[in-house]
Amino acid sequence: MRMLCASTLIGEFFVIGFAGLVAMKSDDLTNATVWTVCGIGMLLSVLLCGMLTRPGGVQLGWALQVALVASGFVIPVMFVLGLAFGALWWASVHYGRRIDEVKARWAAQAEAESPAGG
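Everything quoted here is computed from the prediction, not taken from an experiment. (Residues numbered from 1 in each chain as written. Predicted model: local features only at pLDDT ≥ 70, side-chain atom pairs only at ≥ 80, totals over all residues. Heavy atoms only, no water.)

1. Quick notes on the packing of helix H1 (residues 2-23) against helix H4 (residues 77-113)
Thinking step 1. Where H1 contacts H4, the axes come no closer than 8 Å and their chain directions differ by 165 degrees. Here H1 is positioned roughly antiparallel relative to H4, judged by the angle of their axes. Pair H1 / H4 crosses with left-handed handedness. Two secondary-structure elements touch here, H1 through Leu4, Cys5, Thr8, Leu9, Gly11, Glu12, Val15 and Ala19 and H4 through Met78, Leu81, Phe85, Leu88, Trp89, Ser92, Val93, Tyr95, Gly96 and Ile99. (Axes fitted to C-alpha atoms, helices over the stretch in contact; angles between N-to-C directions. Helix = DSSP H or I, 4+ residues; strand = E, 2+ residues; numbered from the N terminus. Parallel < 35°, antiparallel > 145°, perpendicular 65-115°, else oblique. Left-handed = near helix turned anticlockwise from the far one by under 90°. Contact = heavy atoms within 4.5 Å.)

Structure follows, in structure tokens:
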């Protein structure tokens, strides 16, 4: 699961950065505001890559997905991108857990089939 989720988060890192470039063109926002918010989002996406196996890591990932969708109120195309990444996040968590279960089953089977001496 960790690999799939981390890949999604790194993709979000880039999307958040590009969204910042688009948001800079807004007359309503200062560059400092844009890059503070985008910088925090980019930093969180990278930090979450290392927190995925810890308690609450996946839930924080969901919070980032909600924030990404909510950024659509500032940059409308982010509604679409946020929903797309939310779907990717769901798939990464769902299928990643299934893959982890299969790997664990294979490892247990290999352990059971191996001779006791090594």
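2. Looking at the packing of aromatic side chains
Thinking step 1. Under the criterion given, the structure shown has 3 aromatic pairs.
Thinking step 2. Judged by centre distance (5.3 Å) and plane angle (85 degrees), the rings of phenylalanine 13 and phenylalanine 14 are edge-to-face.
Thinking step 3. For phenylalanine 14, a relative accessible area of 47% corresponds to the partly exposed category.
Thinking step 4. Note on phenylalanine 73 and phenylalanine 79: the rings are 5.1 Å apart at their centroids and 85 degrees apart in plane angle, and the pair reads as edge-to-face.
Thinking step 5. Of the residues examined, phenylalanine 73 reaches a relative accessible area of 70% and is grouped as exposed.
Thinking step 6. Classification of phenylalanine 79 by relative accessible area gives partly exposed; the value is 30%. (Phe/Tyr/Trp six-rings, centres within 6.5 Å; stacked < 30°, edge-to-face > 60°. Buried < 20%, exposed > 50% of the residue type's maximum accessible area, 1.4 Å probe, protein only.)

3. Some points on the side chain of glutamate 12
Thinking step 1. Mapping glutamate 12 onto the fold places it in helix H1.
Thinking step 2. One buried charged residue, glutamate 12, remains without a salt bridge, the closest side chain of opposite sign being arginine 97 at 15 Å.
Thinking step 3. Polar contacts involving the side chain of glutamate 12 include one to the side chain of glutamine 65, which spans 2.7 Å.
Thinking step 4. For glutamate 12, the contacting residues outside a window of four places in its chain are Leu64, Gln65, Leu68 and Phe85. (Lys, Arg positive; Asp, Glu negative; His and termini not counted. Salt bridge = Lys/Arg side-chain N within 4 Å of Asp/Glu carboxyl O. Polar contact = N/O pair within 3.5 Å; in protein donor to acceptor, adjacent residues only side chain to side chain.)

4. Quick word on the side chain of serine 45
Thinking step 1. Tracing the backbone through its elements, the reader meets serine 45 in helix H2 (residues 31-51).
Thinking step 2. A relative accessible area of 0% places serine 45 in the buried class.
Thinking step 3. A polar contact of 2.7 Å, which involves the side chain of serine 45, links it to the backbone oxygen of methionine 42.
Thinking step 4. Residue contacts for serine 45: discarding those within four places in its chain leaves Leu9, Phe13 and Leu64.

5. Remarks on a nonpolar patch on the surface
Thinking step 1. Together, Ile10, Phe14, Phe18, Leu21, Met24, Trp35 and Val46 make up an exposed nonpolar region whose accessible area comes to about 640 Å².
Thinking step 2. Elements with a contribution of two residues or more to the nonpolar patch: H1 and H2.
Thinking step 3. Here the nonpolar patch gets 4 residues from one element, more than from any other, and that element is H1.
Thinking step 4. Among the secondary structure elements, phenylalanine 18 is positioned in helix H1. (Patch = residues over 30% accessible without salt bridge, like charges linked within 9 Å, V, L, I, M, F, W, Y side chains within 5 Å. Areas by Shrake-Rupley, 256 points an atom, 1.4 Å probe, with all protein chains shown as cover.)

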